[in-house]
Amino acid sequence: MTQTIAPRVRTLVLLILAVAGALLAGAAPASAHAALTGSDPAQGAVVDTAPAQISLTFSEPIAVGDDSVRVLDPKGERVDKGDPANLSGTTYSVRLLSGLPDGTYTVAYQVVSADSHPVAGAYTFSIGAPSETTVSVSAQGSDDGLVGWLYGFGRYVSYAGFAVLAGGAAFVLACWAPGARVRAVQRLVVSGWLALTAATLGLLLLRGSYTTSGKVGDIFDLELLGDVLQTKTGAALVSRLLLLAAAALFIAVLFGAYARTVPAGADGDADGARKPAEGEQREGEGAAEGDGGEPDKRDLTFGLALGGTVVAAGLAASWAMSEHASQGLQPGVAMPVDVVHLLAVAAWLGGLTTLLVALYRGPVETPVGRDAVRRFSRLAFGSVVTLAVTGVYQSWRQLGGSWSAFTDTRYGQLLLVKIALVAVMVAVAYLSRRWTQRLAEARISAAEEEKRPSVSAQAEEAEASKEEEKQPAGTAPAEASDASEASEASEAFGVSGASGSTKAGTGHDAVRAEQLARQRAATEAARQKRLRDADPNRFGLRRSVLAEAGVAVVLLAVTTVLTQTEPGRTEQDAKAAAATSSSAAEGTGQGSGAVSLTMPFDTGGRNGKGVVSIDLDPARVGDNSLHVYVEGPDGTPVDVPEVKLALTLTAQDIGPLPVAPDHVTTGHWSASAVQIPMAGDWKVEVTVRTSDIDQVTVSKNAQIG
């Protein structure tokens with residue numbers, strides 16, 4: 001049976017990893033967790049005289065450097081001077097050169113939010129009157145591209161490594177002590193330690209490039225590394241490495257001194273462990289007695305549990321003190337809650353992974369049994385309750401207590417996905433509990449059946465002893481007679497030779513006996529493994545635990561993306577600030593009202609006819625949102641390889657200003673923060689490409705502003 005199961009298991013594991021990878025690869029770049037909520041001059045504003053400085057207000061404190069805020073003139077030359085300064089609270093400013101001429105200026109900022117994520121953006125304002133500018137306001141952020149993807153992947157690996165390390169150790173200490181002697185479990189926990197260590201080192205190297213240039217070449221820049229070490233995130237990563245050194249010592253004791261105090265199959269016969277033969281000493285028993293016996297084992301277990309909890313809490317705190325929990329509402333409460341949340345995640349998901357390895361890779365001599373599974377079930381239930389309580393608090397905190405943030409923000413939508421995955425895991429865990437109960441009932445039935453043959457065997461022995469008593473005096477038993485005849489035959493053929501030949505024969509027989517014993521042991525182990533794998537209850541338990549682990553892999557991927565997503569409260573603050581800015585702009589008479597344009601097109605190729613519609617909202621000076629819809633001749637939405645736009649104000653010789661919208665869904669593209677520098681009769685050009693060689697440009701004019 002195992003030969004048919006293994007390929008399916010490998011296929012399922014690969015599928016699960018592919019889904020997790022798709023979530024990570026398809027996730028948007030790490031969103032800024034501090035949002036720009038105000039500026040002076042405001043976005044898209046037209047001022048009469050040149051300001052002496054530019055001020056930016058964010059939703060939470062940020063870290064600024066020498067080039068964190070830049071102001072560029074229409075030709076792309078810098079016109080700011082000095083370093084950014086913190087005016088008050090979350091407002092930062094940079095001074096400008098005096099005597100600036102009229103025109104459109106671009107403010108570009110790249111800072112690091114207090115929860116360790118890079119924040120990048122740009123906007124324009126004008127002095128006197130808007131003008132054409134050569135500066136692009138949609139520059140790529142440092143968290144985009146390869147470096148951003150590697151940083152996100154490193155975070156996922158670090159979370160997974162922590163869960164396996166802490167959860168695997170907790171499973172051994174709290175649920176299945178014989179697991180300390182199982183090589184597969186040892187390799188799993190050590191792999192978790194190695195993964196977390198390697199990921200932490202990688203994040204430390206990537207951090208400088210991730211928060212500044214985003215270039216691969218800057219990963220090994222020692223100057224950037226020195227700057228990172230002086231930040232809160234750098235200190236947290238270094239602290240994590242120091243705690244991992246203590247974790248290495250913990251692992252050495254757990255799988256060394258502690259493992260020697262635990263006999264194989266210590267869970268008892270209920271777990272399916274093989275009973276040692278009469279007079280046979282269980283492996284590790286002597287070591288336990290020599291080291292002081294059961295009291296020393298209890299002291300060692302208590303010490304490992306206490307020390308492991310301290311190290312695990314310290315590792316969890318390295319995330320809590322540098323990310324979401326350290327900023328926003330009630331950080332003094334949020335950070336301890338976040339630590340407890342991470343420990344509960346590790347106990348559940350890491351313990352589940354260890355249970356899966358034990359069920360599939362555990363040796364026959366030390367099988368994981370129903371008692372261990374029951375203990376883990378209780379541990380997992382406590383972890384789920386803890387996750388529910390801490391998760392409710394974290395959700396309230398990150399969503400600002402707004403129910404609408406669940407559906408209106410990306411953070412809330414991801415949180416709903418996470419809740420759904422947790423619910424699926426709990427449902428599958430319920431099935432695992434049922435399989436465990438069936439396994440226990442089957443074991444009890446098997447134990448009762450084993451007692452019946454033992455009674456029959458005792459009756460047979462009594463019958464044999466009666467037969468021996470009936471033998472006439474002086475008559476040898478059949479076995480003795482056969483042995484005597486074999487001895488006489490050996491002497492007749494000259495087998496009993498010199499003394500040296502006898503010793504050589506005896507030595508050869510001993511070697512042969514050892515070989516036969518090993519063969520018998522291997523055969524018996526294989527037989528026991530076949531019997532174990534053929535058990536339908538154990539088979540069902542293994543499959544349900546595997547399903548749980550699969551959902552856990554995807555859940556961890558969603559959690560990683562969630563930690564890189566702008567919290568709902570911050571996103572709503574940014575939207576409110578944008579609405580306020582829009583109201584202020586409307587109050588100055590800059591115009592409002594959406595513009596909709598519809599243009600038929602024909603590229604001349606196959607399936608080259610259709611209609612393209614443009615919606616520009618609110619169609620005023622400053623920021624605008626743009627939506628493009630492409631439909632076929634029958635009015636159904638269709639996708640085309642490429643759609644791009646250009647805006648031109650011919651009267652003022654401004655443009656063309658290119659706009660590259662992002663694909664949203666079938667037949668729908670959109671772009672945000674489309675800058676309209678001044679009011680006028682704008683020409684909107686749309687280029688539609690339907691194949692590699694077929695494209696056409698159509699245009700219409702619209703009054704904007």
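Everything numeric here is computed off the predicted structure, so don't read it as measured data. (Residues numbered from 1 in each chain as written. Predicted model: local features only at pLDDT ≥ 70, side-chain atom pairs only at ≥ 80, totals over all residues. Heavy atoms only, no water.)

*Asks:* So what's going on with the overall build of the protein? Residues and values would help.
*Replies:* Of regular secondary structure, the protein possesses 15 helices and 18 strands. The 705 residues of the protein split such that 44% are buried. In the structure as shown, the protein presents an accessible area of about 35000 Å², 58% of it carried by carbon and sulfur atoms. (Helix = DSSP H or I, 4+ residues; strand = E, 2+ residues; numbered from the N terminus. Buried < 20%, exposed > 50% of the residue type's maximum accessible area, 1.4 Å probe, protein only. Areas by Shrake-Rupley, 256 points an atom, 1.4 Å probe, with all protein chains shown as cover.)

*Asks:* A description of a nonpolar patch on the surface should follow, citing residues and the corresponding values.
*Replies:* Together, Leu146, Trp149, Phe153 and Val216 give the surface a local cluster of nonpolar side chains, amounting to about 380 Å² of exposed area. Note on placement: Leu146 falls in helix α2 (residues 145–174). (Patch = residues over 30% accessible without salt bridge, like charges linked within 9 Å, V, L, I, M, F, W, Y side chains within 5 Å. Salt bridge = Lys/Arg side-chain N within 4 Å of Asp/Glu carboxyl O.)

*Asks:* Explain the sheet that holds strand β13 (residues 642–649) to me, and be specific about the residues and the numbers.
*Replies:* Sheet strands line up and pair through hydrogen bonds in the backbone, either parallel or antiparallel. Here we have four strands laid out as an open sheet, ordered β14-β13-β17-β18, and antiparallel in their pairing. The open sheet has two edge strands with one neighbour each: β14 (654–659) and β18 (695–704). Going from strand to strand, the sheet's axes swing by 20 degrees on average, the running direction of each strand aside. Summarising the sheet, β13 and strand β17 (residues 680–689) pair through seven bridges and their orientation is antiparallel. If you follow Val643 over to β17, its bridge partner there is Val688. (Pairing = 2+ DSSP bridges. Axes fitted to C-alpha atoms, helices over the stretch in contact; angles between N-to-C directions.)

*Asks:* Could you give an account of unusual backbone geometry, with specific residues and numbers?
*Replies:* Between Asp40 and Pro41 the backbone carries a cis peptide bond, its omega angle lying at 0 degrees. Cis geometry is adopted by the peptide bond preceding Pro618, which originates at Asp617 and carries an omega value of 5 degrees. Along the chain, Pro618 falls in the loop between β11 (609–617) and β12 (622–631).

*Asks:* Explain the pairing of strand β15 (residues 662–665) residue by residue, including any values.
*Replies:* Relative to strand β16 (residues 668–676), β15 is paired through three bridges, and the arrangement is antiparallel. Bridging from a neighbouring strand, Thr665 pairs with His668 of β16. The antiparallel pairing of β15 with β16 creates a hairpin that spans two residues between the two strands, and Gly667 there sits at a positive phi of about 75 degrees.

*Asks:* Can you tell me about the packing of helix α8 (residues 331–361) against helix α9 (residues 370–398), naming the residues and giving the values?
*Replies:* In contact at an axis separation of 8 Å, α8 and α9 are set at 150 degrees when each is read in the N-to-C sense. The two elements α8 and α9 cross, and the hand of that crossing is left-handed. Classifying every residue of the contact of α8 with α9 gives 18 nonpolar, seven polar and two charged. (Left-handed = near helix turned anticlockwise from the far one by under 90°. Nonpolar A, V, L, I, M, F, W, Y, C, P; charged D, E, K, R; others polar.)

*Asks:* Which residues make up α8, and what are the values?
*Replies:* Taking 1.5 Å per residue as the helical rise, α8 with its 31 residues ought to reach 45 Å, and the 43 Å between its terminal C-alpha atoms agrees with that figure. The element α8 is extensively covered by neighbouring structure, given that 22 of its 31 residues are classed as buried. (Expected span 1.5 Å × (residues − 1).)

*Asks:* Give a detailed account of the environment of Ser699, specifying residues and quantitative values.
*Replies:* If you trace the backbone, Ser699 turns up in strand β18. The spacing of Ser699 and Glu685 is 14 residues in sequence and 4.2 Å in space, taken between C-alpha atoms. Excluding its chain neighbours within four sequence positions, the residues that come into contact with Ser699 are Met599, Lys683, Val684 and Glu685. (Contact = heavy atoms within 4.5 Å.)

*Asks:* Account for the confidence of the model for the protein, with residues named and values stated.
*Replies:* Of all residues in the protein, 70% have pLDDT values of 70 or greater, and the mean over the chain is 75. Counted against residues more than four places away or in other chains, residues 473–499, with its pLDDT under 50, gives four contacts. Residue range residues 581–593 is modelled with pLDDT below 50. Its contacts to residues more than four positions away, or to other chains, number 16 contacts. (pLDDT = per-residue confidence, 0-100.)

*Asks:* Quick one: what's the story with the sheet that holds strand β7 (residues 91–96), residue by residue and with numbers?
*Replies:* In space, the four strands of this open sheet follow the order β1-β3-β7-β6, with antiparallel pairing throughout. Two strands in the sheet have a free side with no partner beyond their single neighbour: β1 (36–40) and β6 (80–88). Taken over all neighbouring pairs, the strand axes of this sheet differ in orientation by 20 degrees on average, direction set aside. Sheet analysis places β1 next to strand β3 (residues 53–58), joined by four bridges and oriented antiparallel. Along β3, the bridge assignment pairs Gly38 with Thr57.

*Asks:* Please set out the pairing of β18 residue by residue, giving values where relevant.
*Replies:* In this structure, β17 lies alongside β18, joined through 10 bridges in antiparallel fashion. Looking at β18, one finds that Gly680 is bridged to Ile704. Joining the antiparallel neighbours β17 and β18 is a turn of five residues.

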